[in-house]
Each structure stands twice: as C-alpha cells, then as structure tokens.
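Architecture and fold: a report
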Amino acid sequence: MYHIHRSRVESGVAVTAAFNQTVAQRWASAECPGGSGRQFGPCEADRGVVVQERDDRTLVLAVGYDLDVTTEGEETQITTVLRAVE
C-alpha cells in the first residue's frame, strides 16, 4: 500500500490516505472515454491513478483513495475516486 499522507494523534485527529488500485481499475473500466472515432489511448490504472494517452500526452483522469480518519472517540473509513478537474 502506498501512503500519501499520515498525521499523528497528538493533535486529536489522525488521517491516513492511501491509493486504492481496485477502485481506480473499476472506475477506469466503467467511466473512461472510449468508443469509435476517439483519438485516445486506452485507460490504465497504475497504483490507484487512472491515466490515458491523449495527443501524445499522458493525462491523469482520476485517483482511487482509501481514507481513514481517527479521532478520540470515532474512526471513519472511506473509499472513493476523485476525478481530475479540467
């Protein structure tokens, strides 16, 4: 697992964010632009980041994350995909 952010409980809140390959791959399969007449390359999910070749450039389309937030009395876990903003 690749962690992208960690914090300490000393401040009262601990947050861990990690890339999620599985949800990124699901998103790529269901949401990536494609079809006849497209000049785009295939979408690929690499370690939680969805990329696609367009006009000889690699663009990030989305990123899958696992987010864990822990406070003194509660723990919340979220898995989500965030789309890149154009």
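So, here is what we can say about the structure in this document. (Residues numbered from 1 in each chain as written. Predicted model: local features only at pLDDT ≥ 70, side-chain atom pairs only at ≥ 80, totals over all residues. Heavy atoms only, no water.)

**Details of the nonpolar core**
Rules: The definition of a nonpolar core used throughout is a set of buried Ala, Val, Leu, Ile, Met, Phe, Trp, Tyr and Cys residues joined through side-chain atoms within 4.5 Å. Between buried and exposed lies partly exposed: a residue is buried under 20% and exposed over 50% of the maximum accessible area for its type, with that area taken using a 1.4 Å probe on protein chains only. Under the DSSP-based scheme used, a helix requires at least four consecutive residues in state H or I and a strand at least two consecutive residues in state E, with every element numbered from the N terminus. In this description, contact between two residues means that some pair of their heavy atoms is separated by no more than 4.5 Å.
If you look at the biggest cluster of nonpolar residues, it comprises nine residues: Ala24, Trp27, Ala28, Cys32, Cys43, Ala45, Val50, Leu61 and Ala62. The set of elements that each furnish at least two residues to this core consists of α1 (21–31), β3 (40–46) and β5 (57–71). At three residues, the largest contribution of residues to this core is made by α1. For Cys43, the residues in contact, after removing those within four places along its chain, are Ala28, Cys32, Val50, Val51, Gln52 and Leu61.

**Comments concerning the state of the cysteines**
Here is the rule: Note on disulfides: each one is a pair of cysteine sulfur atoms within 2.5 Å.
Following the criterion strictly, the structure yields one disulfide and no others. Note that Cys32 is cross-linked by a disulfide to Cys43, the S-S spacing being 2.1 Å. The disulfide joining Cys32 to Cys43 has a torsion of about -110° about its S-S bond and is therefore left-handed. Here Cys43 lies in strand β3 and Cys32 lies in the loop between α1 and β3, a separation of eleven residues in the sequence.

**What to know about α1**
For the record, the criterion: Think of it as the arc spanned by the lines of direction from the helix axis to the C-beta atoms. Each polar contact in these results corresponds to two N or O atoms within 3.5 Å; when the atoms are within protein, one needs to be able to donate a hydrogen and the other to accept it, and residues that are neighboring in sequence are counted only if both atoms are side-chain atoms.
Among the residues making up α1, those that are buried are Val23, Ala24, Trp27 and Ala28. For α1, the buried positions fall inside an angular range of 140° around the axis, keeping them on one side. Facing away from the buried side of α1 by over 90 degrees, the exposed positions are Arg26, Ser29 and Ala30. Where the residues of α1 are buried, they touch β3, β4 (49–54), β5 and β6 (75–83). With a side-chain oxygen positioned 3.0 Å from the backbone nitrogen of Thr22, the residue opening α1 is Asn20.

Spatial relationships are all this shows, so hold off on functional conclusions.
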